[in-house]
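Structural description and commentary
The residues making up each chain are set out below.
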Amino acid sequence: MDSVYLCRLDDIPDGTSRGFDPWREGRDTVFVVRQGAVLHAWRNACPHYGTRDREVPLAWRKDAYLDADRSSIVCAAHGARFDIATGICTLGPCLGQGLQRVEVELAPDNNIYIPPQGGRRPI
Ligand code: FES
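This is a predicted model, so every value here is computed, not measured.

About the criteria used
- Residues numbered from 1 in each chain as written.
- Predicted model: local features only at pLDDT ≥ 70, side-chain atom pairs only at ≥ 80, totals over all residues.
- Heavy atoms only, no water.
- Pairing = 2+ DSSP bridges.
- Helix = DSSP H or I, 4+ residues; strand = E, 2+ residues; numbered from the N terminus.
- Buried < 20%, exposed > 50% of the residue type's maximum accessible area, 1.4 Å probe, protein only.
- Phe/Tyr/Trp six-rings, centres within 6.5 Å; stacked < 30°, edge-to-face > 60°.

Our focus in this paragraph is the sheet that holds strand β7 (residues 89-91). One open sheet holds the 3 strands; their spatial order is β5-β6-β7, and the pairing between them is antiparallel. The strands lining the two open edges of the sheet, one partner per strand, are β5 (73-74) and β7. The pairing of strand β6 (residues 81-82) with β7 spans 2 bridges and is antiparallel. Counted as the bridge partner of phenylalanine 82 is cysteine 89 from β7.

Written as structure tokens, this is what we have:
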């Protein structure tokens, strides 16, 4: 499997988040949070509800993965908060559970990719 291109670094303003559908599943299954030159990428699936076959997305609208002060990832369904860097739930109904990390690479040309097998669930 080849790397999957997501976007350019400038397409995610510093301190914001953006969702992607890298494997053409018909919805944003991955989101990326940018903190400077550091990128944190997670599967768009809340550990509170949902199953492997039916994931519950976190955002209430396109690209809205962060709370108002952009200090945490937030799930719109029941308000769980997640640490941006570790993906661990720090407040809410899934306290201590974690998001699934997706590996991303920032290339020297400032393009962002998911490397081969960098987070896709096995079929
Ligand atoms: S589904 Fe995310 S907090 Fe309940």
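Next comes the rest of the account.
To continue, consider the pairing of strand β3 (residues 30-35). Regular strands show a simple pattern: their side chains alternate between the two faces of the sheet. Buried residues dominate β3, accounting for 5 of its 6 residues. By the bridge criterion, 4 bridges tie strand β2 (residues 17-20) to β3 in an arrangement that is antiparallel. Directly across from glycine 19, in β3, lies its bridge partner phenylalanine 31. In this sheet, strand β4 (residues 38-43) lies alongside β3 in antiparallel orientation, the contact comprising 6 bridges. In the strand pairing of β4, phenylalanine 31 is matched with tryptophan 42. Connecting β3 to the next strand, β4, in antiparallel fashion are 2 residues, including glycine 36 with a positive phi near 70 degrees.

Attention now moves to the packing of aromatic side chains. One pass over the structure, following the stated rule, counts 2 aromatic pairs. Each ring, one from tyrosine 5 and one from tyrosine 113, has its centre 5.7 Å from the other, and the planes form 70 degrees; the classification is edge-to-face. Linking tyrosine 5 in strand β1 (residues 4-8) with tyrosine 113 in strand β9 (residues 111-114), this pair joins segments that are 108 residues apart in sequence. We classify tyrosine 5 as partly exposed; its relative accessible area is 42%.

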